Amino acid sequence: MSIPQLLIHDRRDNVGVVVVEGLKAGTEMLCVVTHDNSDFKLTAKADIPIGHKVALADLKPGDTVIKYGEDIGKMVGPAEKGGHVHVHNLKTKRW
C-alpha cells in the first residue's frame, strides 16, 4: 500500500495539502480525497514543504481557493496544476 503525499478533504476543493516531508518537483503524488477515500495521481511542479498547498487545477489571480469545501481566499499570483500555493500567491479575503 502506498502512502499518500497529498490530502484533499472534499471533491469541490481546488487545492490539497502536502502531508510528507521533502516533497520534490517531479514527484508523482498519491492524492487521497478523505471525504470518499478516492484517490488519483498528480505530479508536483515544485519542491513543496509539508503543510503547504498544491493546486489541483491551473489557478490564476482572482480565482477563489477552496479547501475543506470552504472559501479560504483568493489567488494573487498564478499556480499551475501541481504547483505550490502559499502566502506568495494566496491571500485571505478578510483584508
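All figures in this text were calculated on a predicted structure; none of them were measured in a lab.

## Section: the nonpolar core
Link 1 in the chain: Leu6, Val18, Leu23, Met29, Leu42 and Val54 are the most contacted members of the largest nonpolar core, which totals 13 residues.
Link 2 in the chain: Contributions of two or more residues to this core are made by β1 (6-8) and β3 (28-33).
Link 3 in the chain: Considering every element that reaches this core, the biggest residue donor is β3, with three residues.
Link 4 in the chain: Judged by nonpolar contacts, the second largest core, of eight residues, contains Val15, Ala55, Ala79 and Leu90.

## Here's the deal with the sheet that holds β3
Link 1 in the chain: Taken in spatial order, the six strands line up as β4-β3-β1-β2-β5-β8 in an open sheet, and their pairing is mixed. The open sheet has two edge strands with one neighbour each: β4 (38-43) and β8 (84-85).
Link 2 in the chain: Where strand β2 (residues 15-18) lies against strand β5 (residues 53-55), three bridges are found, and the strand directions are antiparallel. Residue pairing in the sheet places Gly16 in a bridge with Val54 of β5.

## What to know about the pattern of salt bridges
Link 1 in the chain: Scanning the entire structure with this criterion turns up five salt bridges.
Link 2 in the chain: Lys24 is the salt-bridge partner of Asp47, the closest N and O atoms lying 4.0 Å from each other. Of this pair, Asp47 sits in the loop between β4 and β5 while Lys24 sits in the loop between β2 and β3, placing them 23 residues apart in sequence.
Link 3 in the chain: The closest approach of N and O atoms between Asp63 and Lys60, which form a salt bridge, is 3.0 Å.
Link 4 in the chain: Residue Asp63 is classed as buried on the basis of its relative accessible area, which comes to 18%.

## What to know about the sheet that holds strand β6 (residues 64-67)
Link 1 in the chain: Ordered by their spatial adjacency, three strands build an open sheet running β6-β7-β9, and the pairing between neighbours is antiparallel. This sheet does not close on itself; its edge strands, each paired only once, are β6 and β9 (90-91).
Link 2 in the chain: Here strand β7 (residues 70-75) pairs with β9 via two bridges, running antiparallel. From the neighbouring strand, Lys74 faces β9, where its bridge partner is Lys91.

Scoring rules and cut-offs
- Residues numbered from 1 in each chain as written.
- Predicted model: local features only at pLDDT ≥ 70, side-chain atom pairs only at ≥ 80, totals over all residues.
- Heavy atoms only, no water.
- Core = buried A, V, L, I, M, F, W, Y, C linked by side-chain atoms within 4.5 Å.
- Buried < 20%, exposed > 50% of the residue type's maximum accessible area, 1.4 Å probe, protein only.
- Helix = DSSP H or I, 4+ residues; strand = E, 2+ residues; numbered from the N terminus.
- Pairing = 2+ DSSP bridges.
- Salt bridge = Lys/Arg side-chain N within 4 Å of Asp/Glu carboxyl O.

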